[in-house]
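Here's the letter readout for the chains.
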Amino acid sequence: MDEPRTSGVRADEPGTAGVRADEPPTSGMRAEVLRTAGMRAAGLVAGHLDGLASRPVWRPVPDDELAWIAGQELPETGRPLGALLEDAREHILPYPMGNGHPRFFGWVNSPPNPAGVLVEPLAAALNPSCAGGDHAGPHLERTVVRWLAELVGFPHPPGGGLLTSGASMATVICLSAARQRAALADGWDVRRDGLSGRAPMVLYVTEEGHSCLRKAAELLGLGARNVRKVPVDGAYRMDPAALRRMIAEDLDAGLRPFCVAASAGTVNSGAVDPLGEIADVAAAYGIWFHVDGAYGALGVLADDAAPHYRGLDRADSLALDPHKWLGVPVGCGCALLRDPGAARAAFSLVPSYLVDENAGELGWFAEYGPEQTRPFRALKTWATMSHLGRAGIKRLVEHTSGLARTLAAMVEQAPDFELLAPVTTSIAAFRHTPRDRDLDALNRALPYAVQVRGNAFITGTRLGGRDALRACFLHPDTTEADLEVLLEEIRLAAKVL
Ligand SMILES: Cc1ncc(COP(=O)(O)O)c(C=O)c1O
């Protein structure tokens, strides 16, 4: 009974008793095996999500478990589904990253929305490639991309966007479109000619812009030295006057300014750049206006934050991650483009074996980005958005933004904490300031010291030249009591550092 079956389903699975190992199972038997194991998996999923809040937020993987996880050899013969689930229960589920827990405040990692979790196996069961074609996946992707654009008030012509692995890939797509548009405007084709012998193209970001912007610039052959850091104001927002000056200087120097990338929600402090003023500068110089709203674009749904987002609808492109604030299970990003033709001009390449006479005017998604085989990201996004509804998404954004404001107020009232930036979205940047300590060294050491205690999870950064703590709120179940726990955990961790 040790031989794997053709389907990978073993005869010794529950529900298959009496099936000979050397016979391929009928589909009925496969369904029965999957049904039994699937119900068990559903129990594990529900049990995991249900028990999260009462377990440590995070704990290091112990050495023996690490040896098991990382040291396994590929089994010679296939193993039954039940054994795989048992292994997952014992060795995988107990060691999460922590982002499902209501006291996880690290980086920008949300808990998974249960509706998104629910449909993941359906996407795997269908297992399409959403490169294009006439099946549910690509059609549903058009719907959720439209929903995302409408949700944040971004213009959406048909075909104006696609789902990606995350915002890093969305940024590559948007900056590729910008680069090709600039080249075509100057009478050449970057895809045909490459970049050599041309005036260097210049990208404008701030120190607070996400590292994916520079990575994209490097990947696109622009060179990190041609990524300008525009100064920020006291609230870590891009200074539009400085941007204007820098573009003019680069033009005088014979360079080719091609794109400004603003942030709608920086990862350090949640700052939103002055989008309207940046749009004015971009329009004045005819350069592409990109907005990184990977984390923060949804912040526009909070009534008191909405004015900060004025001008978002003037961008040429917007990166927005459903796998962040929305809680769509990882990974799902989205690139939204005002002119769908710009992405197509940067990527479309249809060899004879991919020609689809029935594709219609918009063609295939694979023509708008570098991925050919594309997973069914739309299903979990659709499920999450439908389950929450517009009102539920707004409530989530307002609840989590409110927590950041409350933490900021608590920090400002506490004699041993200092707020480092105004709160615009759901991130608060601050630091612990007990007397007679080296504050940079202390705040640099604090995140890990807090994490290993297991009661809260926070990460650090450098902001305005100082080591800082930052808490990002994305979990619908986080309460104000959790904020008290966080500050107390920081104090306790600091005492033993
Ligand atoms: C503001 C911002 N931009 C871009 C990214 C990159 O997104 P991804 O990790 O989905 O590629 C992140 C990730 O945290 C982010 O917070």
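Since this is a predicted model, take the numbers as computed values, not measurements.

### Considerations on the overall build of the protein
For step 1, the next point in the chain: Each helix and strand in the protein was counted, giving 14 helices and 11 strands.
For step 2, the next point in the chain: Relative to a compact globule of 497 residues, whose C-alpha radius of gyration would be 23 Å, the protein shows 25 Å and is just as compact.
For step 3, the next point in the chain: Along the first, second and third principal axes, the C-alpha atoms of the protein reach 80 × 70 × 40 Å.
For step 4, the next point in the chain: Taking the contacts inside the protein whose residues are at least 6 apart along the sequence as the reference set, 72% of them involve residues at least 24 apart.

### A word on the sheet that holds strand β11 (residues 466–472)
For step 1, the next point in the chain: Taken in spatial order, the four strands line up as β8-β9-β11-β10 in an open sheet, and their pairing is antiparallel. Whereas interior strands pair on both sides, the edge strands pair on one side only; in this sheet they are β8 (417–419) and β10 (459–463). Strand-to-strand twist across the sheet, computed as the mean angle between neighbouring axes with direction ignored, equals 45°.
For step 2, the next point in the chain: Relative to β11, strand β9 (residues 427–432) runs antiparallel, the two sharing four bridges. Its bridge partner being in β11, A429 is matched across the sheet by R470.

### Notes on the sheet that holds strand β7 (residues 333–337)
For step 1, the next point in the chain: If you walk across this open sheet you meet the seven strands as β1-β7-β6-β5-β4-β2-β3, and the pairing is mixed. The open sheet has two edge strands with one neighbour each: β1 (161–164) and β3 (227–230). On average, adjacent strands in this sheet sit at an angle of 20° to one another, irrespective of strand direction.
For step 2, the next point in the chain: Bridge count between β1 and β7: four bridges; the pairing is antiparallel. Note that in β7 the partner of G161 across the bridge is L336.
For step 3, the next point in the chain: Helix α10 (residues 275–285) contacts β4 (256–263) and β5 (288–292) of the sheet and is inclined by roughly 170° relative to β4.

### A look at the packing of helix α4 (residues 114–126) against helix α12 (residues 377–413)
For step 1, the next point in the chain: Taken N-terminus to C-terminus, the directions of α4 and α12 make an angle of 150°; their axes are 8 Å apart at the nearest point. Here α4 is positioned roughly antiparallel relative to α12, judged by the angle of their axes. Remark: the crossing between α4 and α12 carries right-handed chirality. Together, A115, G116, L118, V119, E120, L122 and A123 of α4 and L379, K380, A383, T384 and H387 of α12 make up the contact between the two elements.
For step 2, the next point in the chain: In the contact of α4 with α12, the residues fall into seven nonpolar, three polar and two charged.

### Structural notes on helix α5 (residues 136–152)
For step 1, the next point in the chain: The end-to-end C-alpha distance of α5 is 25 Å, a good match for the 24 Å that 17 residues give at a rise of 1.5 Å each.
For step 2, the next point in the chain: Three or more residues of α5 are buried, namely G137, P138, E141, V144, V145, L148, A149 and V152. Buried positions in α5, seen along its axis, are confined to an arc of 140° and lie on one side of it. In α5, the exposed residues that point more than 90 degrees away from the buried face are H139 and E150.
For step 3, the next point in the chain: Those residues of α5 hidden inside the fold are in contact with β1, β6 (317–320), β7 and α12.
For step 4, the next point in the chain: Just downstream of α5, G153 is the residue with a positive phi angle, here 75°.

### Focus on unusual backbone geometry
For step 1, the next point in the chain: Along the chain, V330 connects to G331 via a cis peptide bond; the corresponding omega equals 0°.
For step 2, the next point in the chain: Looking at the element boundaries, G331 is found in the loop between β6 and β7.
For step 3, the next point in the chain: A positive phi angle, close to 35°, is found at W107, a residue other than glycine.
For step 4, the next point in the chain: Summarising the element assignment, W107 is placed in the loop between α3 (81–92) and α4.
For step 5, the next point in the chain: Assessed through the 17 C-beta atoms surrounding it within 10 Å, W107 is described here as partly exposed.
For step 6, the next point in the chain: In this structure, D436 takes a positive phi of about 60° despite not being glycine.
For step 7, the next point in the chain: Relative to the elements of secondary structure, D436 occurs in the loop between β9 and α13 (439–453).

### Describing the packing of helix α6 (residues 167–185) against helix α8 (residues 211–219)
For step 1, the next point in the chain: Interaxial distance between α6 and α8 falls to 9 Å at its minimum, and their mutual angle equals 50°. Between α6 and α8, the angle falls in the class oblique. Between α6 and α8 the crossing geometry is right-handed. Contact residues: A167, S168, T171, V172 and L175 in α6; C212, L213, K215, A216, A217 and L219 in α8.
For step 2, the next point in the chain: Class assignment of the residues belonging to the contact of α6 with α8 gives a composition of eight nonpolar, two polar and one charged.

Procedures and definitions
- Residues numbered from 1 in each chain as written.
- Predicted model: local features only at pLDDT ≥ 70, side-chain atom pairs only at ≥ 80, totals over all residues.
- Helix = DSSP H or I, 4+ residues; strand = E, 2+ residues; numbered from the N terminus.
- Rg over C-alpha atoms; globule rule 2.2 N^0.38 Å.
- Contact = placed C-beta atoms within 7 Å.
- Pairing = 2+ DSSP bridges.
- Axes fitted to C-alpha atoms, helices over the stretch in contact; angles between N-to-C directions.
- Parallel < 35°, antiparallel > 145°, perpendicular 65-115°, else oblique.
- Left-handed = near helix turned anticlockwise from the far one by under 90°.
- Nonpolar A, V, L, I, M, F, W, Y, C, P; charged D, E, K, R; others polar.
- Expected span 1.5 Å × (residues − 1).
- Buried ≥ 20, exposed ≤ 12 C-beta atoms within 10 Å, placed from the backbone.
- Arc of directions from axis to C-beta.

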